[in-house]
Amino acid sequence: DQQVKQNSPSLSVQEGRISILNCDYTNSMFDYFLWYKKYPAEGPTFLISISSIKDKNEDGRFTVFLNKSAKHLSLHIVPSQPGDSAVYFCAATRSSNTGKLIFGQGTTLQVKP
Amino acid sequence: DAMVIQNPRYQVTQFGKPVTLSCSQTLNHNVMYWYQQKSSQAPKLLFHYYDKDFNNEADTPDNFQSRRPNTSFCFLDIRSPGLGDAAMYLCATSRVFEAFFGQGTRLTVV
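In this text, all values refer to a predicted model and were calculated from it rather than measured experimentally.

A look at the state of the cysteines
- As enumerated under the stated definition, the model contains two disulfides over all chains in all.
- Between the sulfur atoms of A:C23 and its disulfide mate A:C90 the distance is 2.0 Å. Handedness of the A:C23-A:C90 disulfide follows from its S-S torsion of about -70°: it is left-handed. Taken together, the positions of A:C23 in strand β3 (residues 19-25) and A:C90 in strand β9 (residues 86-93) put the pair 67 residues apart, joining distant regions of the chain.
- Since its relative accessible area comes to 0%, A:C90 is described here as buried.
- There is a disulfide in this structure between B:C23 and B:C91, and the S-S distance comes to 1.9 Å. With the S-S dihedral at roughly -75°, the linkage between B:C23 and B:C91 falls on the left-handed side. Of this pair, B:C23 sits in strand β3 (residues 19-25) while B:C91 sits in strand β9 (residues 87-94); the two residues are 68 residues apart in sequence, bridging distant segments of the chain.
- Taking the relative accessible area as the measure of exposure, B:C23 reaches 1% and is therefore buried.
- Residue B:C91 is classed as buried on the basis of its relative accessible area, which comes to 0%.

Section: the interface of chain A and chain B
- On the chain B side, the residues contacting the 20 residues of chain A number 23 residues.
- Where chain A abuts chain B, roughly 1,700 Å² becomes buried across the two surfaces, and 64% of that area is made up of carbon and sulfur atoms.
- Where chain A touches chain B, the interface holds one salt bridge.
- Measuring nitrogen to oxygen at the nearest pair gives 3.1 Å for the salt bridge that ties A:K100 to B:E57.
- The set of elements that each furnish at least two residues to the side of chain A that touches chain B consists of β4 (32-38) and β9 of chain A.
- Looking at the side of chain A that touches chain B, the element that brings in the most residues is β4(A), giving four residues.

Scoring rules and cut-offs
Residues numbered from 1 in each chain as written. Chains lettered and ligands numbered in written order. Predicted model: local features only at pLDDT ≥ 70, side-chain atom pairs only at ≥ 80, totals over all residues. Heavy atoms only, no water. Disulfide = S-S within 2.5 Å. Helix = DSSP H or I, 4+ residues; strand = E, 2+ residues; numbered from the N terminus. Buried < 20%, exposed > 50% of the residue type's maximum accessible area, 1.4 Å probe, protein only. Contact = heavy atoms within 4.5 Å. Buried area = accessible area lost by both parts, 1.4 Å probe. Salt bridge = Lys/Arg side-chain N within 4 Å of Asp/Glu carboxyl O.

Here's what the structure looks like:
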């Protein structure tokens, strides 16, 4: 049973445009959400996170939105750059659970120059 | 500077031959994790340590074991690797929620 789902395996956008990556979760006990970026042959690196007490968190070109009622979050990258091309993983955890992360399957983002 | 270091980056082992993957950290985090990631799939948590307390996921095969001799080091032992165990193995550490990952070890079983 996949508790965190990223239904789009891939996304292609033009440089300078907005990239929107989506993530859905089923476990209402999750209260902290993270996005990771992964380049080939490297481990995931932390990008941005959001607590369930917020509905938006922004860090430079990256913004994460959380819709608790829909159990949905999204990552917006504006403007997209070719260096953003990577696999993006959504992850969720319960704050009582020592940071044990449950990951989605990932979305491969390609930003075309 | 690398904060979570996994060795080796690439490991080839024979079917059924025990193999050990290692992970070390310089962050002094009390939690360490091992994840398995197969192609185009989500990283799957195998087990984690909270300090010395070992926590096994319910669906982690018995073939997989782990040791954490001290805060800095954690090992993943695969007692009898099968072809289905070929994957990327990711070690991570955390203090609270955000996990820091190593570069991973790509395991090939021949």
